[in-house]
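Summary of the model geometry
Listed below are the residues making up each chain.
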2 protein chains.
Amino acid sequence: ASQSENVSCSGEENGTAQNSRIYPARSCPVQRGVSRSLLCLHITTSVSLPAVGSIMPEYKLIYFNARGRAELARWIFAYSGIPYTDERFENDEWPEKKKSIEGGKVPVLRVDGHTLPQSLAIGRFLSKKAGLVPEDDLQAAACDALVDTIYELMTEMYKFTFPEKSEEEIKKPKAEYFTTHLEPFMTRLNKRLGEKKWFVSDKITWGDLAIGMFFGEMKGLYSEKLEKFPSTTCPYQQS
Amino acid sequence: ASQSENVSCSGEENGTAQNSRIYPARSCPVQRGVSRSLLCLHITTSVSLPAVGSIMPEYKLIYFNARGRAELARWIFAYSGIPYTDERFENDEWPEKKKSIEGGKVPVLRVDGHTLPQSLAIGRFLSKKAGLVPEDDLQAAACDALVDTIYELMTEMYKFTFPEKSEEEIKKPKAEYFTTHLEPFMTRLNKRLGEKKWFVSDKITWGDLAIGMFFGEMKGLYSEKLEKFPSTTCPYQQS
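We now turn to the structure provided with this report.

Parameters and conventions
- Residues numbered from 1 in each chain as written.
- Chains lettered and ligands numbered in written order.
- Predicted model: local features only at pLDDT ≥ 70, side-chain atom pairs only at ≥ 80, totals over all residues.
- Heavy atoms only, no water.
- Helix = DSSP H or I, 4+ residues; strand = E, 2+ residues; numbered from the N terminus.
- Expected span 1.5 Å × (residues − 1).
- Buried < 20%, exposed > 50% of the residue type's maximum accessible area, 1.4 Å probe, protein only.
- Polar contact = N/O pair within 3.5 Å; in protein donor to acceptor, adjacent residues only side chain to side chain.
- Least-squares fit on C-alpha atoms with pLDDT ≥ 70 in both.
- Contact = heavy atoms within 4.5 Å.
- Phe/Tyr/Trp six-rings, centres within 6.5 Å; stacked < 30°, edge-to-face > 60°.
- Lys NZ or Arg CZ within 6 Å of the ring centre and 35° of its normal.

Once that is clear, we can look at helix H6 (residues 137-161) of chain A. All names here are of chain A. Under the 1.5 Å per step criterion, the end-to-end length of H6 is 35 Å for 25 residues, consistent within 8% with the ideal 36 Å. By the criterion of burial, H6 is predominantly enclosed, with 19 of the 25 residues buried. The N-cap of H6, judged by a side-chain oxygen 3.1 Å from the amide nitrogen of Leu 138 a few residues on, is Asp 136.

Both copies of the chain are related by a screw-like operation: a rotation about an axis and a shift along it. When chain A is fitted to chain B, the residual RMSD is 0.0 Å, and the transformation amounts to a turn of 180° plus an axial shift of 0.0 Å. Between the two chains, the operation in question is that of a two-fold axis. Using C-alpha coordinates, one finds that chain A approaches the rotation axis most closely at Asp 148 of chain A, a distance of 5.2 Å. Most of the interface of chain A is mirrored in chain B, where 100% of its interface residues again form contacts.

To continue, consider the packing of aromatic side chains. For the structure shown, the criterion picks out 28 aromatic pairs over all chains. Ring plane angle 55° and centroid distance 4.7 Å describe the contact between Phe 64 of chain B and Phe 89 of chain B, whose orientation is recorded as tilted. Taken as a pair, Phe 64 of chain B in strand E2 (residues 59-64) and Phe 89 of chain B in strand E3 (residues 84-89) lie far apart in primary sequence, 25 residues in all. By relative accessible area, Phe 89 of chain B is classed as buried at 3%. Here Arg 192 of chain A stacks its cationic end above the ring of Phe 199 of chain A, 4.1 Å away from the centre of that ring.

The subject of this paragraph is unusual backbone geometry. A cis amide bond, omega 5°, links Val 106 of chain A with the succeeding residue Pro 107 of chain A. Within the secondary structure, Pro 107 of chain A sits in the loop between helix H4 (94-98) and strand E4 (108-111). The backbone phi angle of Gln 118 of chain B is positive, close to 75°, even though this residue is not glycine. Assignment of secondary structure puts Gln 118 of chain B in the loop between strand E5 (114-117) and helix H5 (119-129).

And the structure:
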């Protein structure tokens, strides 16, 4: 039991140097950036997994030693308890690593012999395996649309969050981001969630994990921006 | 029958001024930007549609009077013969129109009372209805990843294709786009397609429609860039 308290979903904060770690099933509950009681739900929800002995693909997720565009997949693995190898590399290893990645971009997911690129394709694929995609097509599409919008917001945020520019240069785009992009989205999301527990239905979906993942990261960086939107970000927990 | 020859999938070229047109089933074969025999296949493939009298949702696609991010959905409608309303507006109508669109972005798809945003969520939703999503999860994910990559390439291309910048300013990013982004992708795609007819399996998928849609548009704009990649763009037809 103590294992789950010590293993972080993302390793960059605790300075682990190993490139690859294997997460056994259920060893990594979602501990950081938790939104809307995800943590509690993670523990109390029963996820159907194949019985021991049945065939489950070997999953290996390959990405930088950072959250970024691999983090949603890690949350899905963590939530569902599906075992996987979380292969991480440092920035200076990338030029060499890149040669082994068809298309030259990460994250990629290795599934037995197959390689799947594109973070959202990976997320959707794993979410199907984990029962996190609604069966209703329109609800599944609402999840897709939500996650697309969150990824657009992430892309905009990264432009000034990890910039190679001066504080002065990013001042204006950063201010515009919050007023033009983030606040209108959060206003809609907050209203839509209201007193509801989950975004599309009465069950958790990968859309909810994406909300938790994104606003968790956002809250760590810009907590004052989120105070006005309690339904979107509360009860948030950081451990 | 003559109707299908006169109706274009996208209306901007023939200068139609009407904002809204209803496409009856099968009136709009894929006529422009056809790749890998899509045109022939469109005509010869039988698509299962609900019998007359059964309940089919009313679809309305809302976008600018342009191809852009609505075009893939129009291809899927055209390919499958599902009837829909193609509501288009001119640039100067957008500020007023925007007020009626939750989220303030287009395209959106109205499905009976529901509104679905995000072009790829719309495309995937319609593709499921049209039988253009593989049943195998990994193949479905390969389609998703392909379409994501094509949309990234479209986003990059639009930066210099419809710019508010001078020819001099876009010269460098445009050159870089072709060498850094487009050619490596087309090399991989060309190799992967080889002598195969379709991208993921022995059946057409929405990934193939996305290839046809994107390279059709690209060929219209930059035909000289595509000559080296016959599997990706041949037999291409423009009518």
